[in-house]
Each structure stands twice: as structure tokens, then as C-alpha cells.
Amino acid sequence: YWSDGMVRVSGREYNGVVESPCHERGELSCLSCHAMHQSKPDDQLSEKMATNHACLQCHTSIKTSEHTKHLPNSSGSECYNCHMPHTTYGLLKAIRSHQIDSPSLKRSQETGRPNACNLCHLDKTLAWTAKYLSDWYGHKPVALDSDERSISAALLWLLKGDAGQRALVAWSMGWPAAKAASGHAWLAPFLSELLMDPYSAVRYIAFKSLSAMSEDYRKLEYDFVDSADARMRLKHEVAEIWKRSQAKLPGRASPEILIEPGGILKHDAVQRLLQQRNNRSMDLQE
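This report concerns the structure included in the present document. (Residues numbered from 1 in each chain as written. Predicted model: local features only at pLDDT ≥ 70, side-chain atom pairs only at ≥ 80, totals over all residues. Heavy atoms only, no water.)

## Examining the nonpolar core
Ranked by size, the top nonpolar core spans 56 residues in total, and within it Phe-190, Leu-210, Tyr-217 and Leu-258 carry the most contacts. Broken down by secondary-structure element, the contributors of at least two residues to this core are α10 (153–160), α11 (163–172), α12 (176–182), α13 (188–193), α14 (200–211), α16 (228–248) and α17 (267–274). Among the elements that line this core, the one with the most residues is α10, at 7 residues. The residues contacting Leu-210, other than those within four sequence positions of it, are Ala-188, Leu-191, Leu-195, Tyr-217 and Val-238. (Core = buried A, V, L, I, M, F, W, Y, C linked by side-chain atoms within 4.5 Å. Buried < 20%, exposed > 50% of the residue type's maximum accessible area, 1.4 Å probe, protein only. Helix = DSSP H or I, 4+ residues; strand = E, 2+ residues; numbered from the N terminus. Contact = heavy atoms within 4.5 Å.)

## Points about unusual backbone geometry
Its identity is not glycine, yet Lys-48 carries a phi of approximately 75 degrees, on the positive side. The topology assignment puts Lys-48 in the loop between α2 (21–24) and α3 (53–56). Here the phi dihedral of Asn-73 falls at roughly 70 degrees; this positive angle occurs in a residue that is not glycine. Summarising the element assignment, Asn-73 is placed in the loop between α4 (64–68) and α5 (79–83).

## Description of empty space enclosed by the protein
Where empty space is left becomes clear once a probe the size of a water molecule has been rolled over the atoms. Across all of its chains, the model carries 2 cavities of 30 Å³ or more by this definition. Empty space within the largest cavity amounts to approximately 140 Å³. Around the largest cavity, the lining comprises 15 residues; the ones closest to its centre are Asp-101, Ser-102, Pro-103, Arg-113 and Pro-114. The set of elements that each furnish at least two residues to the lining of the largest cavity consists of α5 and α6 (105–111). Looking at the lining of the largest cavity, its residues break down into 6 nonpolar, 6 polar and 3 charged. There is about 30 Å³ of room inside the second largest cavity. Its residues assigned to classes, the lining of the second largest cavity shows 1 nonpolar, 4 polar and 3 charged. (1 Å grid on protein atoms, 1.4 Å probe; cavity = no way out; pocket = protein on both sides within 12 Å on 5 of 7 lines; lining within 4 Å. Points joined across faces, edges and corners; volume = space filled by probe spheres on them. Nonpolar A, V, L, I, M, F, W, Y, C, P; charged D, E, K, R; others polar.)

## Considering the pattern of salt bridges
With the rule as written, the count across this model stands at 13 salt bridges. Close ionic contact of Lys-40 with Asp-43 constitutes a salt bridge, the shortest N to O distance being 4.0 Å. A relative accessible area of 25% means that Asp-43 is categorised as partly exposed. The partner of Asp-101 in a salt bridge is Arg-107, with the nearest N and O atoms 3.2 Å apart. Among the residues examined, Arg-107 registers a relative accessible area of 28% and is labelled partly exposed. Here the salt bridges do not stand alone but share partners, grouping Arg-8, Asp-162 and Arg-280 into one network. (Salt bridge = Lys/Arg side-chain N within 4 Å of Asp/Glu carboxyl O.)

Here you go:
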């Protein structure tokens, strides 16, 4: 569990459901969305339950785009992307939380659990999120340090976070909704850092997201349990592919994503954050 009691690993979805306001003050149950039959095999969701109908069948008064402040039919207007974000780890991927909740910067700081906003807007800082949560929903300001004000929250979790946080962000960097919201050409150097991660599960997830970026990365051969030397060679290959891509068409650059104009990675800043990585031993029991 996360430090506030929210489920952190797969296999305990029921625990999350019964802790949700929709169950405590309503009639939400597993069968509100899932069915053994007339459902898709991979998630056993009933018809329409992969859409906002899952929530709007009860919350009939909500006007989605007014509530979400996002464009209609965008991933930001899909209820579960904000209220059931991918903050659970299991089966070598991120899984939606089944404890229905709302994004909160305060809880992200207190627990280390990535918030829904920054899992989608991978290029944005916690300060950016704080502004919109305050402007749109009246959240109280929170104290932020210099890195939280100036560097992408996703990069802070990926470079400084514990193994569980790194796994969640690595998966999010391969999530189509996040790549559409944030762009994805800038992600390769950061995913390549995780190819050397102490945890083989994190390495596996990172390479899966990396290989989904382009054919050049997809052609690479990587064994996530190979020797450190072999993995380092592949990391260098990724760096070369990145350099070639930037030489042809320099991608996005900004201080928040630690990339300077011309596609130059801020190596010193990356190394500084890596040196602060939370290396506590973790065994997330699924």
C-alpha cells in the first residue's frame, strides 16, 4: 500500500473499490463495471464500461467537459484518467487504481504517489499542476522546492523516485494518451537511463515503452536480465539513435524536460537527480 493506505499493487482491486466514496455512499460494486460474460476477455468490462458511461450512469448531473476543463472526446475528459489513474503496479505494467479519488498535489507530496495530471502531462512540473488545480478546483497552494517548480514531475519520479515510482512513470511514457498530451520524441534519453536500473522489472517496462517510440528503437535487441556491460552497450546505442534523430530534426527543448535547444540533453542535471535516487529495497507483493 501507499503510505495513506491506497492500494499500490495488483490483486487488491476490491480493497480499492470498498474504500471509494461511490461504494461507501452509493451502490458501486465490481459488477457495476465488470461481467463474466458479454465482456472483453482482457479486462472483463461490460458494454460501454470503457467509456464515461461507467460514471455517468450514476453521476447524471455532470456535464463532462465543464467538469474536466478538457476538450470533449479527449483523454483528459475521460473520467477514469483523472479519478482512476495508473498508480497501481502489477504484471510488469501500471494498472488503474480501483479506489476512486481526485488528483491532489498534497497527497502526491505526502505519499510519493504520482498524480493523474502529471502521469498524462509528462512534460509539466508540479507547479504547473498546482496552478490548474487551484484555478479550476480551488485547491490550496502547496510548498514546492526548486526542482518541483522547474523540472517535469514525471522526470523527478523517474530519476529520483523509488523502484515502484520508476516503474509507473516508465509505463506512462509508453501510454498513448500521455504521449499524445506530452509529445514523445524527447522521452528516449530518460527511458535509456532505466535500462541500467537495479530492478529488472523496471528495465523491462522501460524498454517496452522505448521500443514503442519508433522503428529505430524497436529494432534493438535487449535482454533485460543480461549483464550490466551488455545493457550499457545498448544504452549507448539508444544515445546514438537519439543524437542522429536530433541532428536530422531537433525536437522539443525546454528547461522542464532537461533538454536544451538543438536537442542537447542536460547531462549534469540528469546525473544530479540520479544521485538522489531512492534506492530503498522494494518487493511489491502482487
